[in-house]
2 protein chains.
Amino acid sequence: MSLKFIALSGTVSVTENLYVYEYKDQMMVVDCGVGFPDLEMRGVDLVIPDFGYIVKNKHKLKGIIVSQGHEDHIGALPFLLREVRTPIWTSPLVTSFLNDKLKDYGISGVKVNTFNPMSESFNVGVFRVHPFRVTHSIPDAVGFAIDTPEGRVFHVPEHKMQQEPVDQMPFDKNRANQLASKKVLFLASDCLGANKPGYTIGERQIEDNIFKIANDSKGAVFFTAISSNVGRFQQAINVARKMGRKAVYVGRSVQKKCDMAQELGYLKDSKGTVVSLGKAKGLPRNKIMYIIAGCYGQVGSSLYRVSTKEHGRLHAEKGDTLIFSADPAPPYTKESENLVIDNFIEMGVDVHYYDLDEGLYVSGHGSQEDILELFKITNPDYFIPIGGTVRFMHAYKKLAQAFGAKESDVFELKPGDGVVFENGKANQNIKIPVKEVLVAGLGVGDVGKVVLSDRKTLSQYGVAVVVIKIDPKTKKMVGKLEIVSKGFVFEKSSKKLLSQAVNKLEERIKRNGKLDKKSAATITLSFLQKFFFDETGRRPIIIPVVVET
Amino acid sequence: MSLKFIALSGTVSVTENLYVYEYKDQMMVVDCGVGFPDLEMRGVDLVIPDFGYIVKNKHKLKGIIVSQGHEDHIGALPFLLREVRTPIWTSPLVTSFLNDKLKDYGISGVKVNTFNPMSESFNVGVFRVHPFRVTHSIPDAVGFAIDTPEGRVFHVPEHKMQQEPVDQMPFDKNRANQLASKKVLFLASDCLGANKPGYTIGERQIEDNIFKIANDSKGAVFFTAISSNVGRFQQAINVARKMGRKAVYVGRSVQKKCDMAQELGYLKDSKGTVVSLGKAKGLPRNKIMYIIAGCYGQVGSSLYRVSTKEHGRLHAEKGDTLIFSADPAPPYTKESENLVIDNFIEMGVDVHYYDLDEGLYVSGHGSQEDILELFKITNPDYFIPIGGTVRFMHAYKKLAQAFGAKESDVFELKPGDGVVFENGKANQNIKIPVKEVLVAGLGVGDVGKVVLSDRKTLSQYGVAVVVIKIDPKTKKMVGKLEIVSKGFVFEKSSKKLLSQAVNKLEERIKRNGKLDKKSAATITLSFLQKFFFDETGRRPIIIPVVVET
């Protein structure tokens, strides 16, 4: 008998975490996250893993365990739960996030079991799961020790070792050490910080830095961070209280996440400091700190709308201060972030952003020393880097080798790759064919390579529709050709080009003699592709419409 | 009488430098660069400034002076020279670059005057120009002291103060101090480093760092930097020589720029070290350093093609080393850079890139202390930040104020804004309407807002063409509707959606009674927009083609 570990997704892409444990006729899934489209995925809202393997084996599925509440770990659950029903186990804050999310997607009847990560263990089929707390950028994040019939393994999707996090939920070294006192077959863990030396620094200093900046402000303070970064919002609230300001949540995502954290007691001392936007109306600007959504300048976010003066209930003005407590935006929202920053500066707002290196954010991911410490705690026979692309898996492998592992003890898995463990030995010989599934609007999986490739061409060169009428009896063209274009050239100033195209194509078609629908379309395509490229250097998509009249 | 200084371009966008000096009926232009499209400018190759004002006043134009050889200072000259003919003055390396560029664009008969930046001065109409050397990331970069009828001004597009640059062309403090011994009316200078504390560090250390890494390599070394960074290539050649390796230029851009620099004596000791790709064929891999183009992972560059194994004459293999001596790629090429890095890592190549912070590049732009030192040398009455966006102009203004300037002595100009100087007093009261001119393929200026907006929609949702035949006599629809789509949904798997659309639209049209071309098109548009959005959450561009038969 053997244990299978499969990275269905979550390697190479950083996000989209989805891992499968399989033993005989039993299967358990760890995490189920979304990814975000890259620049080539035009019009795509989300990327989700390929659930094919799980759906095919759904008779084996005993449940899903979830390590934390970020979208790259929970975001794809609604899509998976549309195809299979199975219970979920997770920590309190994630249960709140999940119940809210399932409601949003109209999914009911899913059993979400909440565990206490400080003490509880539970069974998922043949697997016995022992969660333990890890430090991360969101409260209630955990790693798992998992007892399998082939031995105990550790699965730690994200962790820092820091012992004094703002959320007062440090890495539980006692419990982890205890759980690792048994021999550990393998460690699957986060590799995204594997090329950063040292430990990821603590968050305490950030609060002092926020205070220094906010305390200098003569106007309102705008404070922004990732909406799930409840710990950072706690720090903002602390700063507001110290300065005698009221804190105001702005933006649905910030409001909801903070409310849930508040309910669980994870946001402290906010009473008396946090007030509603309505209540803040009467206060002088220098008594307010807005905790506002949109730290990447996302188009349509609250921060974006304040920057473009389109926010109905809020404005910024000279003397205000804006603090970005976040890393720089990813490429696809970088430009709107730049716009937001510059807009605020132009309004006379004092803007503090990543470039100025003022110690206003830290990574949620552990660095080399955090990873090495986990190696020391678990001392596993095998290593599986997860949650990072090729370069990070590679750096993690180097770390493991420095720790004493052989190169062959480290498995760098691509999506769909898996390892079989049998009698203490490991073999990477599973390869499940998977693809990325794109979510665009209401469609799931109906945008693929062909559509994306057409969108790319359309985005660069536009489209030209050519209408040709032919008489099916005489097999001749009838009337005048027509060309309609979109995104190709500016038609008003390119009339000459288009009328030349019409005339020359008509000549070409007439020279051809007898026509049918197919030959008319073929001639049109090949003639116009060449003509437009020669004249404009562009290759629009050409759609010939041949109508028999 | 008054002096006008106009930033036709070059502020807000960082690139696209283009400045105008005007006195009565005389005009001089400083620099004429291109910009690069942002992510929203789909299908656009280059952005060039709006020459309208210069063309309108071409009878006044006495010449163009050029400060350095980067594309953001010279790239738009061919486009300007198509519209006006005027002499150019610049330094030796830029003359080589320019002559080559004008040949590429098929422009002849332009007089390019080469000055010696160490000693020469010259007249451009009423303006007397005194160039002086500045340290930058390319040899032969200069600033200008310009005598105008309203007094002496300084125009320094980019500079560092560093006294030991690799190209041995340091900022000429003697000449600058001498030129500044007269009263200086204003300083227009680079603001891009205005929020970085300290001096921009020197480049010497980089060479040691390259050596350390390259010397460890057991295979071939690939070294990449921006193609115009001749100084950096000198360092690579030095390292190759020290290690007893041959250096090989790979890529047309690197080859050409290095050849030109070599000819002027700006590349030293390359003889015996640099060999051709053909000659290198016989050498063992550990005797070769490839100096290769494509440091941003640009699709189609030599480095990209090696990474994808499509380079006919070169390959990488396990044991090789790749050194990126460049800053991270801008957003629009970031993903291909990531691909290149990961591909090389997967081939077993040891890759050294920006993230690892190994001291392999420095900015070509001065930081706060470099800027302050220029303030001290020139001590101008007025300040004009150039070459940086809003945030950098703002930081420059703060610096000037720290230096003792009044807020009103600093002019933050948007493209088209200008300042009038009269009797020693300055007024920002010029506003020339300008737009960005987009170059796409062979077209200059025929892609504008409408086309870009259509391209954006096409890129997100694609296009659906609907063919409707009507009988002009009965005013009824004839035959079956047809829908052809591109980039909308994958047609094979969405047959049901499209046939539903056809059926429901037919019903809708039939209900309407009598039809003409216009009403058929209007009904189709409004019906399908709603239908497709309801069913798919997407808003494709719909092109109704109504044919009378």
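As the structure is a computational prediction, the values presented were derived from the model and not from experiment.

1. Topic: the packing of helix α13 (residues 390-403) of chain A against helix α11 (residues 331-346) of chain B
- In the contact formed by α13 of chain A and α11 of chain B, the axes pass within 9 Å of each other and the chain directions differ by 40 degrees. Taken together, the axes of α13 of chain A and α11 of chain B lie oblique to each other. Between α13 of chain A and α11 of chain B, the contacting residues are V390, R391 and H394 of chain A on the first element and N338, I341, D342, I345 and E346 of chain B on the second.
- Considering only residue class, the contact of α13 of chain A with α11 of chain B consists of three nonpolar, two polar and three charged.

2. A word on helix α4 (residues 92-104) of chain B
All names here are of chain B.
- Taking 1.5 Å per residue, 13 residues should reach 18 Å; α4 reaches 19 Å between its end C-alpha atoms and fits that length.
- Of all the positions in α4, only L93, V94, T95, F97, L98, K101 and L102 are classed as buried.
- At its buried positions, α4 is contacted by α2 (71-74), α3 (77-81), β6 (88-90), β7 (112-114) and α8 (252-263).
- Positive backbone phi, at 70 degrees, marks G106, one or two positions downstream of α4.

3. Regarding the interface of chain B and chain A
- Listed as interface residues are 66 residues of chain B and, on the opposing side, 66 residues of chain A.
- Both sides together, the interface formed by chain B and chain A hides about 5100 Å², and carbon and sulfur atoms give 57% of it.
- The three residues of chain B that bury the most area against chain A are E335, R391 and R538 of chain B, which together make up 13% of that side's buried surface.
- On the surface where chain B and chain A come into contact, there are eight salt bridges.

4. Thoughts on the sheet that holds strand β22 (residues 443-444) of chain B
- One open sheet accounts for three strands, arranged β4-β21-β22 (chain B); its pairing is antiparallel. At either end of the open sheet lies a strand with only one pairing partner, and these are β4 (46-48) and β22 of chain B.

5. Side note on the domain arrangement of chain A
All names here are of chain A.
- You can read the domains of chain A as domain 1 (3-199 + 363-443), domain 2 (204-356) and domain 3 (462-548).
- Here domain 1 and domain 2 have C-alpha centroids that lie 32 Å from each other.
- Taken together, the contacts link 20 residues of domain 1 with 17 residues of domain 2.
- With both chains or domains summed, domain 1 and domain 2 bury close to 1600 Å², and 63% of this area falls on carbon and sulfur atoms.
- Where domain 1 packs against domain 2, one counts two salt bridges.
- Close ionic contact of K256 with D104 constitutes a salt bridge, the shortest N to O distance being 4.0 Å.
- Sorting elements by how many residues they give to the side of domain 1 that touches domain 2 places helix α4 (residues 92-104) first, with six residues.
- Residues that form the side of domain 1 that touches domain 2 fall into these classes: eleven nonpolar, four polar and five charged.

6. Remarks on the confidence of the model for chain A
- For chain A, per-residue confidence averages 94 on the pLDDT scale, and residues scoring 70 or more make up 100% of the total.
- Complex prediction metrics read pTM 0.90 and ipTM 0.86.

7. Re the relation of the copies chain B and chain A
- Superposition record for chain B on chain A: RMSD 0.1 Å, screw rotation 180 degrees, translation along axis 0.1 Å. The superposition of one copy onto the other is thereby described by a two-fold rotation axis.
- When the interface residues of chain B are mapped onto chain A, 100% of them again fall at the interface, so both copies present the same face.

8. Considering unusual backbone geometry
- A positive phi angle, close to 55 degrees, is found at K475 of chain A, a residue other than glycine.
- Examined against the element boundaries, K475 of chain A turns out to sit in the loop between β23 (463-471) and β24 (476-486).
- K475 of chain A gets classed as partly exposed once you look at its relative accessible area, which sits at 33%.
- At D357 of chain B, a position not held by glycine, the phi torsion is positive, near 55 degrees.
- Position of D357 of chain B relative to the elements: it lies in the loop between β17 (350-352) and α12 (368-378).

9. Considerations on the packing of aromatic side chains
- Within this structure, the stated rule accounts for 48 aromatic pairs over all chains.
- The interplanar angle of 5 degrees and the centroid separation of 5.6 Å between the aromatic rings of W89 of chain B and F122 of chain B together place this pair among those described as stacked. Of the two residues, W89 of chain B sits in strand β6 while F122 of chain B sits in strand β8 (residues 122-124), which places them 33 residues apart along the sequence.
- The exposure class of W89 of chain B is buried, given its relative accessible area of 14%.
- The class for F122 of chain B is buried, based on a relative accessible area of 9%.
- Three or more aromatic residues joined by ring pairs make a cluster, and in this case those are F5, Y19, Y21, F127, F186, Y382, F411 and F421 of chain A.
- Over the aromatic face of Y353 of chain B sits the side chain of R391 of chain A, whose NZ or CZ is 4.9 Å from the ring centroid.
- The cationic tip of K242 of chain B hangs over the ring face of F211 of chain B; the distance from NZ or CZ to the ring centre is 5.0 Å.

10. A few points about the side chain of S217 of chain B
- Here S217 of chain B shows up in the loop between α6 (204-215) and β13 (221-224).
- Discounting chain neighbours no more than four positions away, the residues touching S217 of chain B are R245, G319, D320 and T321 of chain B.

11. Here we look at the state of the cysteines
All names here are of chain B.
- A full pass over the atoms with the stated rule returns zero disulfides over all chains.
- Note on C258: no disulfide assigned, nearest cysteine sulfur contributed by C295 at a separation of 13 Å.
- We classify C258 as buried; its relative accessible area is 0%.

12. Here we look at the pairing of strand β19 (residues 417-422) of chain A
Residue and element names in this part refer to chain A.
- Extensive coverage of β19 is indicated by the burial of five of its six residues.
- In this structure, strand β1 (residues 3-9) lies alongside β19, joined through five bridges in antiparallel fashion. Across the sheet, residue L3 finds its bridge partner in β19, namely F421.
- The pairing of β19 with strand β20 (residues 425-431) spans five bridges and is classified as antiparallel. The residue of β20 that forms the bridge with G418 is I430.

Parameters and conventions
Residues numbered from 1 in each chain as written. Chains lettered and ligands numbered in written order. Predicted model: local features only at pLDDT ≥ 70, side-chain atom pairs only at ≥ 80, totals over all residues. Heavy atoms only, no water. Axes fitted to C-alpha atoms, helices over the stretch in contact; angles between N-to-C directions. Helix = DSSP H or I, 4+ residues; strand = E, 2+ residues; numbered from the N terminus. Parallel < 35°, antiparallel > 145°, perpendicular 65-115°, else oblique. Contact = heavy atoms within 4.5 Å. Nonpolar A, V, L, I, M, F, W, Y, C, P; charged D, E, K, R; others polar. Expected span 1.5 Å × (residues − 1). Buried < 20%, exposed > 50% of the residue type's maximum accessible area, 1.4 Å probe, protein only. Buried area = accessible area lost by both parts, 1.4 Å probe. Salt bridge = Lys/Arg side-chain N within 4 Å of Asp/Glu carboxyl O. Pairing = 2+ DSSP bridges. Domains from an automatic or database assignment. pLDDT = per-residue confidence, 0-100. Least-squares fit on C-alpha atoms with pLDDT ≥ 70 in both. Phe/Tyr/Trp six-rings, centres within 6.5 Å; stacked < 30°, edge-to-face > 60°. Lys NZ or Arg CZ within 6 Å of the ring centre and 35° of its normal. Disulfide = S-S within 2.5 Å.

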